[in-house]
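Here's the letter readout for the chains.
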Amino acid sequence: WKKMKNTGIVQGRLIKSPPGELQWFPQDDWDKEFYIASAIGIENIELIAERVHNEKNPIWSDIGVEKLLKLSNKTNVNIHTLCNDHVVDFSLVKNPSVLKQNLELIKRGKKLRCNKYVLPLFEKSELNMKNYLNFIDPISIISNACDEAGMVLCLETILNAKELLMVLNKFENKNIKVVFDTGNRIAFGHDLYNDIIMLGDKIEHVHIKDKNKTNENVLLSTGLVDFNMVFKALKKINYKKSYTFETFRGNNPVQTAKFNLNLVNFFHSENFNLI
């Protein structure tokens, strides 16, 4: 097969996490992940700022940033993408401290030479069709800061393609794009194939995961996502940007990651490399 390019994984998914913790920063072992990723052919680690501020996370100190950059160089594993989970627990709307945290994180992202900033607008910061006007100001401020830092702002929301396009049209800054998360979208009952076609070049980043009927993150291809259709649609829009595995770890995170890579490489080559 022709291997898929620009494949990454969310920080912490290559290492066993404490029970019940899916999105988890690998406290004292974060550096080990770069060597594991390099060994199995993953090109990028998507850095996370946790829901609750963690001073041990290297992104928050200049020494940590230096370490991350050195590790990235040494292992040849990129750190292009930075995801801010803080907004999931703390509302972005009318909340100066959360806006300030975002602007601070964007500065760190610039030092790390990241080019994508992921904003997951769920739970406390859920953006929907009733409240989206409240998000125009904070998102505009964040997108301008991303622009200056050389990053594309990637929004992750519960909205379907039609709603998303309507909301994106409300922003002046064209630096605002979309994260297409296969698992979350299927959980919200969206039509993945048609959403991808409709969003087209607004998709800047793809999160690969699978979910079951009860909204649990499950092993790829054991849930509701039809990956063949996903890659068919991505081929149709000529998608050539980045992918990040935001996947269930299984019993052995490294074996699971290898399986996931093979699985998506198969569907990618099945759809992208037809003779």
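Above this text is the structure in question.
Worth saying up front: this structure is predicted, and the values here are computed from it rather than measured.

Caption draft 1: Here's a closer look at the overall build of the protein chain. When you go through the protein chain residue by residue, the secondary structure sums to 10 helices and 10 strands. Across the protein chain, the fraction of contacts at a sequence separation of at least 24, relative to all contacts at a separation of at least 6, is 75%. For the protein chain, the accessible area works out to roughly 12,800 Å², and carbon and sulfur atoms hold 52% of it. Looking at charge distribution, the protein chain has the averaged site of its 37 positive side-chain charges lying 4 Å from that of its 32 negative ones.

Caption draft 2: Highlighting the state of the cysteines. Counted according to the given criterion, the structure contains zero disulfides. No disulfide involves Cys-83; its nearest neighbouring cysteine sulfur is the one of Cys-154, lying 9.7 Å away. Under the relative-accessibility criterion, Cys-83 is labelled buried at 2%. The thiol of Cys-154 is not disulfide-bonded; the next cysteine sulfur, from Cys-146, is found 8.3 Å away.

Caption draft 3: Inspection of the pattern of salt bridges at higher detail. For the structure on display, the rule yields 11 salt bridges. Asp-89 is paired through a salt bridge with Arg-51; the nearest N and O atoms lie 2.8 Å apart. Taken together, the residues Asp-89 in helix 3 (residues 86-89) and Arg-51 in the loop between strand 2 (44-49) and helix 2 (62-75) connect sequence positions 38 residues apart. Judged by its relative accessible area of 28%, Asp-89 is partly exposed. With its nearest N and O atoms 3.3 Å apart, the salt bridge here joins Lys-241 to Glu-204. Separated by 37 residues along the polypeptide, Lys-241 in the loop between helix 9 (227-236) and strand 10 (242-245) and Glu-204 in strand 7 (residues 203-208) bring together distant segments of the chain. Relative accessible area serves as the criterion here: at 27%, Lys-241 is assigned to the partly exposed category. Taking relative accessible area as the criterion, Glu-204 reaches 10% and is therefore assigned buried. A network of salt bridges, in which partner residues are shared, links Arg-51, Asp-89 and Glu-123.

Caption draft 4: Just helix 8 (residues 192-199), in detail. Burial in helix 8 covers these residues: Leu-192, Asp-195, Ile-196 and Leu-199. Buried positions in helix 8, seen along its axis, are confined to an arc of 100° and lie on one side of it. On its buried side, helix 8 packs onto helix 6 (161-168), strand 6 (176-181), helix 7 (182-187), strand 7 and helix 9. The backbone nitrogen of Tyr-193 lies 3.3 Å from a side-chain oxygen of the residue at the head of helix 8, namely Asp-191.

Caption draft 5: Structural view of helix 1 (residues 30-40). Where helix 1 is concerned, the buried positions are Trp-30, Glu-33, Phe-34, Ala-37 and Ile-40. The arc that holds the buried residues of helix 1, viewed along the axis, is 145°, so those residues lie on one side. Just downstream of helix 1, Gly-41 is the residue with a positive phi angle, here 90°.

Caption draft 6: Seen up close, unusual backbone geometry. In this structure, Asn-6 is a non-glycine residue whose phi angle is positive, near 60°. Mapped onto the elements, Asn-6 comes out in the segment before strand 1 (7-10).

Caption draft 7: A look at the side chain of Arg-108. In this structure, Arg-108 sits in helix 4 (residues 96-111). Residue classification places Arg-108 among the buried residues on the basis of a relative accessible area of 8%. Reaching out from Arg-108, the side chain makes a polar contact with the backbone oxygen of Ile-59 at a distance of 2.8 Å. For Arg-108, the contacting residues outside a window of four places in its chain are Ile-59, Trp-60, Ser-61, Asp-62 and Val-65.

Caption draft 8: The pairing of strand 2, seen in detail. With six of its six residues buried, strand 2 lies for the most part within the structure. Alternating positions in strand 2 separate into two faces, Asn-44, Glu-46 and Ile-48 on one and Ile-45, Leu-47 and Ala-49 on the other, with burial throughout. The pairing of strand 1 with strand 2 spans three bridges and is classified as parallel. When the sheet's bridge partners are listed, Ile-9 is paired in strand 2 with Ile-45. Running through helix 1, the crossover from strand 1 to the neighbouring parallel element strand 2 is right-handed. Across three bridges, the pairing between strand 2 and strand 3 (residues 81-84) is parallel.

Caption draft 9: Region of the structure containing the layout of surface pockets. Counted as a void, the largest pocket has a volume near 650 Å³. Forming the walls of the largest pocket are 29 residues, and the residues nearest its centre are Gln-23, Arg-51, Val-88, Phe-122 and Glu-123. Classifying every residue of the lining of the largest pocket by side-chain character gives 11 nonpolar, six polar and 12 charged.

What counts as what
- Residues numbered from 1 in each chain as written.
- Predicted model: local features only at pLDDT ≥ 70, side-chain atom pairs only at ≥ 80, totals over all residues.
- Heavy atoms only, no water.
- Helix = DSSP H or I, 4+ residues; strand = E, 2+ residues; numbered from the N terminus.
- Contact = heavy atoms within 4.5 Å.
- Areas by Shrake-Rupley, 256 points an atom, 1.4 Å probe, with all protein chains shown as cover.
- Lys, Arg positive; Asp, Glu negative; His and termini not counted.
- Charge placed at Lys NZ, Arg CZ, Asp CG, Glu CD.
- Disulfide = S-S within 2.5 Å.
- Buried < 20%, exposed > 50% of the residue type's maximum accessible area, 1.4 Å probe, protein only.
- Salt bridge = Lys/Arg side-chain N within 4 Å of Asp/Glu carboxyl O.
- Arc of directions from axis to C-beta.
- Polar contact = N/O pair within 3.5 Å; in protein donor to acceptor, adjacent residues only side chain to side chain.
- Pairing = 2+ DSSP bridges.
- Right-handed = clockwise from strand over helix to strand, strands pointing away.
- 1 Å grid on protein atoms, 1.4 Å probe; cavity = no way out; pocket = protein on both sides within 12 Å on 5 of 7 lines; lining within 4 Å.
- Points joined across faces, edges and corners; volume = space filled by probe spheres on them.
- Nonpolar A, V, L, I, M, F, W, Y, C, P; charged D, E, K, R; others polar.

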